[in-house]
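Next come the chains, spelled out residue by residue.
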Amino acid sequence: TYTDELGQYRFEHAWVSDYSIIPFIEGCEIVPVKREVAVYDNTIVNDFIVRPLWMKEYGGPYQDVVKAMAKTRGCGFVYAGSTDLGGNHQAFIMKINALGELQWYKTYGQYLYHSANAIIALDDGSFVIVGGKSIGINVDVWVARLDGNGTILWEKTYGGNNWDEAFAIEKAGNDFIVAGGTESYGVGKSDVYLLKIDNQGNVKWQQTYGGLNDDCGLKVVYSRDDGILIAGFTEYQNQLIADSWIIKCNSMGIQQWSKEFDNELYDIATDSIEREDTTIIVCGYGWETQNQSSIWIASIQGDGNNENFKKVFSIGASSALNAIKLVDDTTIIATGYTMPSQNDEKDILILVMDIQGNILWHVWYGEGNNIDDEGISLAITQDGGIAVAANMKESGTASDIRILKLNDRGMIQ
């Protein structure tokens, strides 16, 4: 037998009989691992899934921080973040193939401050990134469209005379929805900032939401009714108290409803997803004291009126969730961190729950390495595995990036 360039197992001129195929590719998981096959003339077997599994680290003697990731064409991945490479604060984009091999790495800008906080991959192989870019002593929202090699096709900034920064982007038909925070507009110290731009970066409309203190949008979802969901936080009492905040807007950014979650002294909603029945799943974390944070996850009806459930718990002494994905509308996969005991460092947490928020299983990576590891973003891959982007930080010094490609059980081998 042999395998052709398509990964098909072919049997030619073999004795007619029953055989067991046990394929092997180094660094990959084969699903199924074993296949019983009855061989006859020119038998072809092509139902194995090759699932690469790996853990890689990138960075140098400077600050590298990953903020987001997305799947690309060809089963690869693209990562966005910031770096102090060259002594300046720059945005970076890094593209990896399916085997975890670096294809290209590019930086953008050499400013007092320049960040890439979110990225989406488009069907034509291009990308759109959002973040912040310093303009003089102020920061403006920065949006850039890149081709498949990371070359800027166009870039634009938005904002006023103070701090404005984007943390999330979603495609909305032929347009894009950008969410973040602004000190230039609104009524408070900072407000949630929402923009709709066309595919050339021209503003179609912009809105702000918030009270008298600091408010910010961290994730955005383009909902099934052409509306918009924003997850973030709203602060009270001069930044001492915060509630997680979900805002639902219509297609023009007009607020329809909002809901706050008060679980701990300070709460943040870090991500949200919408189910097929328009139910909203939202997650985040909160804390009363430093290094004692708790995970929370909730489900609410699409009209914002009824809460299906809310659960607050911790994996270990302290834990948090930063990102969630939905698989087959029935399973929630999340990443963040756990501190197994109070004196431990943070470890990358992979947590899987059913649609009621009940824990099915969890694993973590980084135990015993004396480094703070924290899962920031994740993707469900074309081969059914889990890809995670994480940050590594050692005792407050330089940080590096850790990226993982796991199987559907969160294992790397």
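Everything that follows concerns the structure shown earlier in this document.
So, a few notes on the structure that sits alongside this text. (Residues numbered from 1 in each chain as written. Predicted model: local features only at pLDDT ≥ 70, side-chain atom pairs only at ≥ 80, totals over all residues. Heavy atoms only, no water.)

## What about the overall build of the protein?
When helices and strands are tallied, the protein shows zero helices and 35 strands. Taking 2.2 N^0.38 as the reference for a compact globule, 413 residues should give roughly 22 Å; the C-alpha atoms of the protein span a radius of gyration of 23 Å, in line with that estimate. Seen along its three principal axes, the alpha-carbon backbone of the protein occupies a region of about 80 × 45 × 45 Å. By residue count, 54% of the 413 residues in the protein fall in the buried class. A separation threshold of at least 6 residues defines the contact pool for the protein, and within that pool the share at least 24 residues apart is 44%. Entry remark: accessible area of the protein is about 18000 Å², with carbon and sulfur atoms responsible for 47%. The averaged location of the 56 negative side-chain charges in the protein is 4 Å from the averaged location of its 30 positive side-chain charges. (Helix = DSSP H or I, 4+ residues; strand = E, 2+ residues; numbered from the N terminus. Rg over C-alpha atoms; globule rule 2.2 N^0.38 Å. Buried < 20%, exposed > 50% of the residue type's maximum accessible area, 1.4 Å probe, protein only. Contact = heavy atoms within 4.5 Å. Areas by Shrake-Rupley, 256 points an atom, 1.4 Å probe, with all protein chains shown as cover. Lys, Arg positive; Asp, Glu negative; His and termini not counted. Charge placed at Lys NZ, Arg CZ, Asp CG, Glu CD.)

## Considering the pattern of salt bridges
Tallied over the full model, the rule gives 16 salt bridges. Close ionic contact of Asp 124 with Arg 145 constitutes a salt bridge, the shortest N to O distance being 3.3 Å. With Asp 124 in the loop between strand S13 (114-121) and strand S14 (127-135) and Arg 145 in strand S15 (residues 138-146), this pair connects stretches of sequence that are 21 residues apart. The class of Asp 124 is partly exposed, set by a relative accessible area of 48%. Lys 248 is paired through a salt bridge with Asp 225; the nearest N and O atoms lie 3.0 Å apart. On the criterion of sequence distance, the pair formed by Lys 248 in strand S23 (residues 241-249) and Asp 225 in the loop between strand S21 (215-222) and strand S22 (228-236) is long-range, its members being 23 residues apart. Judged by relative accessible area, which is 5%, Lys 248 ranks as buried. (Salt bridge = Lys/Arg side-chain N within 4 Å of Asp/Glu carboxyl O.)

## Concerning a negative patch on the surface
Together, Asp 344, Glu 345, Glu 367 and Glu 394 give the surface a local cluster of negative charge. Locating Glu 345 in the fold gives a position in the loop between strand S30 (331-339) and strand S31 (347-354). (Patch = residues over 30% accessible without salt bridge, like charges linked within 9 Å, V, L, I, M, F, W, Y side chains within 5 Å.)

## Remarks on the environment of Val 192
Along the polypeptide, Val 192 turns up in strand S19 (residues 191-197). Those residues in contact with Val 192 that sit more than four places away from it in its chain are Gly 180, Thr 182, Gln 207, Thr 208, Tyr 209, Asp 215, Cys 216, Gly 217, Ile 230, Trp 245 and Ile 247.

## Thoughts on the sheet that holds strand S20 (residues 203-209)
In a beta sheet, neighbouring strands pair by backbone hydrogen bonds and run either parallel or antiparallel. Read across the sheet, four strands follow the order S17-S18-S19-S20 without closing on themselves; strand pairing throughout is antiparallel. Edge positions in the sheet fall to strand S17 (164-172) and S20, since each of these pairs with one other strand and no more. Strand-to-strand twist in this sheet, taken as the mean axis angle between neighbours without regard to direction, amounts to 20°. Looking at chain direction, S17 and strand S18 (residues 175-182) are connected through eight bridges and run antiparallel. Bridge pairing in S18 links Glu 170 to Ile 177. (Pairing = 2+ DSSP bridges. Axes fitted to C-alpha atoms, helices over the stretch in contact; angles between N-to-C directions.)

## What to know about the environment of Glu 264
Relative to the helices and strands, Glu 264 resides in the loop between strand S24 (255-261) and strand S25 (266-274). For the pair Glu 264 and Ile 412, spaced 148 residues apart in the sequence, the C-alpha separation amounts to 34 Å. When residues no more than four places from it in sequence are discounted, the contact partners of Glu 264 are Gly 286, Trp 287, Glu 288, Ser 294 and Val 312.

## A short note on the sheet that holds strand S9 (residues 64-71)
With respect to topology, four strands assemble into an open sheet ordered S9-S10-S11-S12, the strand pairing being antiparallel. Bordering the open sheet on either side are S9 and strand S12 (102-111), each of which pairs with just one other strand. For this sheet the average axis-to-axis angle between neighbouring strands, irrespective of direction, equals 20°. Across seven bridges, strand S10 (residues 77-83) lies against strand S11 (residues 89-96) in antiparallel orientation. Bridge pairing in S11 places Thr 83 opposite Gln 90.

## A look at the side chain of Thr 338
Tracing the backbone shows Thr 338 in strand S30. Residues contacting Thr 338, with those up to four places away along its chain left out, are Ile 315, Gly 316, Ser 318, Ser 319, Glu 345, Lys 346, Asp 347, Leu 349 and Trp 364.

## A look at the pairing of strand S26 (residues 280-287)
For S26, the tally of buried residues reaches seven of eight residues, placing the bulk of the element in the interior. Where S25 and S26 come together, eight bridges link them in antiparallel fashion. Bridged to Glu 274 within S26 is Ile 280. Bridge count between S26 and strand S27 (residues 293-300): eight bridges; the pairing is antiparallel. What sits directly across from Cys 283, in S27, is Ile 297.

## Brief notes about unusual backbone geometry
With phi around 70°, Cys 75 is a residue other than glycine that occupies positive phi space. Mapping Cys 75 onto the fold places it in the loop between S9 and S10. The exposure class of Cys 75 is partly exposed, given its relative accessible area of 39%. Look at Asp 328: it is not a glycine, yet its phi comes out positive at around 55°. The exposed category is assigned to Asp 328, whose relative accessible area is 68%.

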